[in-house]
Amino acid sequence: QVQLAESGGGLVQTGASLRLSCEASGRSFSRETMAWFRQAPGEERVYVAGLFRNNGRTYYADSVKGRFTISRDGAKNAVHLQMNNLKPEDTAVYYCAAGTRLILSSIRLPDQYEYWGQGTQVTVSS
């Protein structure tokens, strides 16, 4: 059974840093597209950052560019999201996702991902 498990969320103050991790089990995702999404209360799930399988490049939402970094740990079948200079508007549940058939133009679309974690809460206080 394929599972994605996020960890690393928490409550922090504005300007702090957090590092989220997503560990996969059941199959290898070392060559697949991996991404992070987030969902605030009452809002839709939105794209945060992704690693595209074909070229290994990273792609970020404008709102996090320069503050967040996504990286892959192939040996551990995991992906991380380093979040710096956190802001109250970053408060959300963060989800890890994996997609095996994505094209680059679809990397920001949540319905293109087959596998999802259960989410981890990030709360940034002002």
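Residues numbered from 1 in each chain as written. Predicted model: local features only at pLDDT ≥ 70, side-chain atom pairs only at ≥ 80, totals over all residues. Heavy atoms only, no water.

### A word on the state of the cysteines
Phase 1: Within the structure shown, the criterion is met by one disulfide.
Phase 2: Sulfur-sulfur distance for the disulfide between Cys-22 and Cys-96 comes to 2.1 Å. Sign of the S-S torsion, about -75° for the bond between Cys-22 and Cys-96, identifies this disulfide as left-handed. Highlighted residues: Cys-22 in strand β3 (residues 18-25) and Cys-96 in strand β9 (residues 92-99), separated in sequence by 74 residues. (Disulfide = S-S within 2.5 Å. Helix = DSSP H or I, 4+ residues; strand = E, 2+ residues; numbered from the N terminus.)

### Here's the deal with the packing of aromatic side chains
Phase 1: All chains considered together, the criterion is met by six aromatic pairs.
Phase 2: Geometrically, the ring pair formed by Phe-37 and Tyr-47 is edge-to-face, given 5.6 Å between the ring centres and 80° between the ring planes. Of this pair, Phe-37 sits in strand β4 (residues 33-39) while Tyr-47 sits in strand β5 (residues 46-51), placing them ten residues apart in sequence.
Phase 3: Judged by relative accessible area, which is 0%, Phe-37 ranks as buried.
Phase 4: With a relative accessible area of 8%, Tyr-47 lands in the buried category.
Phase 5: Consider the rings of Tyr-95 and Trp-116, whose centres lie 6.5 Å apart with planes at 75°: the pair is edge-to-face. Separated by 21 residues along the polypeptide, Tyr-95 in strand β9 and Trp-116 in strand β10 (residues 115-116) bring together distant segments of the chain.
Phase 6: Taking relative accessible area as the criterion, Tyr-95 reaches 13% and is therefore assigned buried.
Phase 7: By relative accessible area, Trp-116 is classed as partly exposed at 26%.
Phase 8: What links up through ring pairs into an aromatic cluster is the set Phe-37, Tyr-47, Tyr-95, Tyr-113 and Trp-116.
Phase 9: Above the face of the Tyr-95 ring, Arg-45 is positioned so that its terminal group lies 3.7 Å from the ring centre. (Phe/Tyr/Trp six-rings, centres within 6.5 Å; stacked < 30°, edge-to-face > 60°. Buried < 20%, exposed > 50% of the residue type's maximum accessible area, 1.4 Å probe, protein only. Lys NZ or Arg CZ within 6 Å of the ring centre and 35° of its normal.)

### Some remarks on the sheet that holds β3
Hydrogen bonds between backbone groups are what pair the strands of a sheet, and the pairing can be parallel or antiparallel.
Phase 1: Strand order across the open sheet formed by four strands is β1-β3-β8-β7, with antiparallel pairing between neighbours. Of all the strands in the sheet, the pair left with one neighbour each is β1 (3-7) and β7 (68-73). Each strand axis lies, on average, 15° off the axis of its neighbour in the sheet, ignoring direction.
Phase 2: Looking at chain direction, β1 and β3 are connected through five bridges and run antiparallel. Considered in β3, the bridge of Glu-6 is made with Cys-22. (Pairing = 2+ DSSP bridges. Axes fitted to C-alpha atoms, helices over the stretch in contact; angles between N-to-C directions.)

### Side note on the pattern of salt bridges
Phase 1: Per the counting criterion, the structure on display carries five salt bridges.
Phase 2: Among the salt bridges present, the one from Asp-90 reaches Arg-67, with a minimum N-O distance of 2.8 Å. Note that Asp-90 is positioned in the loop between β8 (78-83) and β9 and Arg-67 in the loop between β6 (58-60) and β7, a separation of 23 residues in sequence.
Phase 3: Taken together, the shared-partner salt bridges connect Arg-38, Arg-67 and Asp-90 into one network. (Salt bridge = Lys/Arg side-chain N within 4 Å of Asp/Glu carboxyl O.)

### Quick notes on the environment of Glu-23
Phase 1: In this fold, Glu-23 is placed in strand β3.
Phase 2: The exposure class assigned to Glu-23 is partly exposed, which follows from its relative accessible area of 47%.
Phase 3: A sequence separation of 59 residues divides Glu-23 from Gln-82, and the C-alpha atoms of the two residues are 15 Å apart.
Phase 4: If near-sequence neighbours (up to four positions away) are discounted, Glu-23 is found in contact with Gln-3, Leu-4, Ala-5, Asn-77 and Ala-78. (Contact = heavy atoms within 4.5 Å.)

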